[in-house]
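A closer look at the structure
The lines below spell out each chain.
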Amino acid sequence: MFDKLNDDCWLTILKYVNLKDQVSLAHISKSLRSVVRYQWEHLRVAYLDQALLERFEQQPSEMEEFLQLASSSLQNLTIKQTDIALLQKWRAYEFPKLVTLDCDLGFESEEETDEKVLLLTQLFPNLRQLTLLGNTTGRHIWAWDQLQELNLLCCESLDTSTFDQIFSAIPLRKLTLLYYGYNTNMGDDVLPISKCSTLEELVMDDHHLLGDFMPNLLQLPRLRRLAFYTRDYYEYLLETVSKLRPLRVKALLFHDAFWSSSCVSQVMMSMTNLRRLVLHDDDIETKELHKICATLPQLEELHLTKMRALPTATQLWDMVGASQSLKILNLSGNRLNRQFLDLSSECLDRVLKKRSLSSPLTLHLHNTLLKCDQTEILKKLKHPNLEVSFKPIDLNVWSSRFVEIEFNIPTD
């Protein structure tokens, strides 16, 4: 039965088969083995989970065959927890094209973990993007002198004395350093991060952004994105941004982090170059949202997605009327009903008649659970200055309770 499919069909199927099962398929027949070997010779992305690594420990000849075929083509590798003794056997192979590594180091002792990191620097010297999860102190990371993106997740044993060497030696463009609000607090020892002149994107816990960190960070010439997991300090941090660089802010995204804060609303209204505002799985008082729309002269996109409480249709259209610059109103993920359509239909001409045909408003209604078909919705919301879309918008909304700030880059 297996041999009835041609090689091209099998190569397509193998794209959806995990590596452990590919190893098993290679033992079924000579023809399948040939196809699997060809697949490995051209493999760019590999995910080595714990089950596969345990199999490799028991059957080292299978690992050797895989590495012999795939090592020269691999570009992106994910390794789940594995023993250093197994990785030592990889020294016989070179990985010249491997530029992305995602490695779960496990939670062994600090010495054992650092020894594993040192080995990884030797196995994969050309990395551009690195993600580490585990007990590393940070030692040896600076050996990756071409690294542009570094993600350190729940690395509770990080030694901050390594930071000066890491953030002065590596031309980092993106850094993620997250404990997701756990009690780890490095205080002023994180300051070397805020002086990394090549940094463009930073993701951290909010309590590591206090003191001199934010003023330093906001002076970096290339900074274009800051995202922080927040529990306590989001108001203070946004207020700091509004005092030091309000006109550089072009987009704000809140995921379960706005919490109807009038303080944040006031701060936001000083960011008069703001073009995109996203509230996801969040809430805001209607009067505050109306003030924001009426105050910000360049607001082009308002995304109210999966909101806990949405203003009424009339209130929403009044906000649109107060913001002549608005081009996109995104209500995707909200539970809208037929009353929303009826009330919207009554508001359209009053709100949209002053808009020019060259700058219509686009209303996004993806996954709103409206109990009527798209034809009826389009009929209800028909207006020459309105376009209705049912397509999703990718807003890169990730882990909850975070704020994301996007900055304009100075041209001078």
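These numbers come from a predicted model, not from an experiment.

Thresholds applied
- Residues numbered from 1 in each chain as written.
- Predicted model: local features only at pLDDT ≥ 70, side-chain atom pairs only at ≥ 80, totals over all residues.
- Heavy atoms only, no water.
- Helix = DSSP H or I, 4+ residues; strand = E, 2+ residues; numbered from the N terminus.
- Buried < 20%, exposed > 50% of the residue type's maximum accessible area, 1.4 Å probe, protein only.
- Contact = heavy atoms within 4.5 Å.
- Areas by Shrake-Rupley, 256 points an atom, 1.4 Å probe, with all protein chains shown as cover.
- Lys, Arg positive; Asp, Glu negative; His and termini not counted.
- Charge placed at Lys NZ, Arg CZ, Asp CG, Glu CD.
- Arc of directions from axis to C-beta.
- Salt bridge = Lys/Arg side-chain N within 4 Å of Asp/Glu carboxyl O.
- Pairing = 2+ DSSP bridges.
- Phe/Tyr/Trp six-rings, centres within 6.5 Å; stacked < 30°, edge-to-face > 60°.
- Core = buried A, V, L, I, M, F, W, Y, C linked by side-chain atoms within 4.5 Å.
- Patch = residues over 30% accessible without salt bridge, like charges linked within 9 Å, V, L, I, M, F, W, Y side chains within 5 Å.
- pLDDT = per-residue confidence, 0-100.
- Polar contact = N/O pair within 3.5 Å; in protein donor to acceptor, adjacent residues only side chain to side chain.
- Axes fitted to C-alpha atoms, helices over the stretch in contact; angles between N-to-C directions.
- Parallel < 35°, antiparallel > 145°, perpendicular 65-115°, else oblique.
- Left-handed = near helix turned anticlockwise from the far one by under 90°.
- Nonpolar A, V, L, I, M, F, W, Y, C, P; charged D, E, K, R; others polar.

**Overview of the overall build of the protein**
A tally of helices and strands in the protein yields 15 helices and 15 strands. Expressed along its principal axes, the backbone C-alpha trace of the protein runs to roughly 75 × 60 × 40 Å. Across the 412 residues of the protein, 51% fall into the buried class. Partitioning the intrachain contacts of the protein with sequence separation of at least 6 by distance along the chain shows that 72% fall at a separation of at least 24. Just so you have it, the protein exposes about 19,500 Å², and 46% of that area is on carbon and sulfur atoms. Taken as two groups, the 45 positive and 55 negative side-chain charges of the protein have centres that lie 9 Å from each other.

**Some details on helix 4 (residues 50-58)**
In an α-helix, one turn spans 3.6 residues; hence positions three or four apart end up facing the same way. Buried within helix 4 are the following residues: L52, L53, R55 and F56. In a view along the axis of helix 4, the buried residues occupy a sector of 155 degrees, so they form one face of it. Tucked inside the fold, the buried residues of helix 4 contact helix 2 (19-25), strand 1 (45-48), helix 5 (60-70), strand 2 (76-79) and helix 6 (84-88).

**Considerations on the pattern of salt bridges**
By the definition in use, this model includes 20 salt bridges. Across the salt bridge formed by D318 and R350, the nearest N and O atoms sit 3.1 Å from each other. One end of the pair, D318, is in helix 13 (residues 313-322); the other, R350, is in helix 14 (residues 338-352), with 32 residues separating them in the sequence. By relative accessible area, which is 44% here, R350 ends up partly exposed. Each of R173, K174, E200, E201, R224, R225 and E404 takes part in a single network of salt bridges with overlapping partners.

**Focus on the pairing of strand 8 (residues 225-229)**
Of all five residues in strand 8, five are buried; the element is thus mostly enclosed. Residues R225, A227 and Y229 of strand 8 are buried on one face, and the alternating residues L226 and F228, pointing to the opposite face, are buried as well. Sheet topology places strand 7 (residues 201-205) next to strand 8; five bridges connect them, and they run parallel. Directly across from M204, in strand 8, lies its bridge partner F228. Direction of pairing for strand 8 relative to strand 15 (residues 402-407): antiparallel, over a ladder of five bridges. Each bridged residue has a counterpart across the sheet, and for A227 the counterpart in strand 15 is E404.

**Re the packing of aromatic side chains**
Counted by the stated rule, this structure contains nine aromatic pairs. Ring geometry for W90 against F124: centres 6.4 Å apart, planes inclined by 80 degrees, an arrangement best described as edge-to-face. Residue W90 is located in the loop between helix 6 and strand 3 (100-106), and its partner F124 is located in the loop between helix 7 (110-123) and strand 4 (129-134); the two are separated by 34 residues in the primary sequence. Here the aromatic rings of F163 and F167 are separated by 5.4 Å at their centres, their planes lie at 80 degrees, and the arrangement is edge-to-face.

**Structural notes on the nonpolar core**
Grouped together as the largest cluster of nonpolar side chains are 126 residues, with contacts concentrated most on W90, I193 and F254. Ranked by residues supplied to this core, first place goes to helix 14 with six residues. Excluding anything up to four places from it in sequence, F254 contacts L238, V264, M268, L277, V278, L279, H280, D282, F402 and V403.

**Topic: a negative patch on the surface**
A surface patch of like charges, here negative, comprises E54, E57, D83, E110, E111, E112, E115, D159, D188, D189 and D212. Among the secondary structure elements, those contributing two or more residues to the negative patch are helix 4 and helix 7. The greatest single-element share of the negative patch, amounting to four residues, is contributed by helix 7. Relative to the assigned elements, E112 resides in helix 7. Owing to a relative accessible area of 42%, E112 belongs among the partly exposed residues under this scheme.

**As for the confidence of the model for the protein**
Mean pLDDT over the protein: 91, with 96% of residues reaching 70 or higher. The spread of mean pLDDT over the elements of the protein runs between helix 1 (residues 7-14), the lowest at 68, and strand 12 (residues 328-330), the highest at 98.

**With respect to the environment of E201**
With respect to the element layout, E201 can be found in strand 7. With residues up to four places along the chain from it excluded, the contact list for E201 reads R173, K174, L175, R224 and R225. A distance of 2.6 Å separates polar atoms of two side chains, one belonging to E201 and the other to R224.

**Side note on helix 10 (residues 234-244)**
Of all the positions in helix 10, only Y234, L237, L238, T240, V241 and S242 are classed as buried. If you follow the buried residues of helix 10, they end up packed against helix 9 (213-217), strand 8, strand 9 (249-255), helix 11 (262-268) and strand 15.

**Description of unusual backbone geometry**
What is expected of a backbone is that most residues other than glycine have negative phi and most peptide bonds are trans. Unusually for a residue other than glycine, D256 sits at a positive phi of about 55 degrees. Along the chain, the position of D256 falls in the loop between strand 9 and helix 11. The class of D256 is buried, set by a relative accessible area of 14%. In this structure, D281 takes a positive phi of about 50 degrees despite not being glycine.

**Some words on the packing of helix 3 (residues 30-41) against helix 5**
Look at helix 3 against helix 5: their axes get within 7 Å of each other, and the N-to-C directions meet at 50 degrees. With respect to helix 5, the axis of helix 3 lies oblique. Judged by the twist between their axes, the crossing of helix 3 over helix 5 is right-handed. Here R33, R37, W40 and E41 of helix 3 lie close against helix 5, whose contacting residues are E65, F66, L69 and A70. Its residues assigned to classes, the contact of helix 3 with helix 5 comprises four nonpolar, no polar and four charged.

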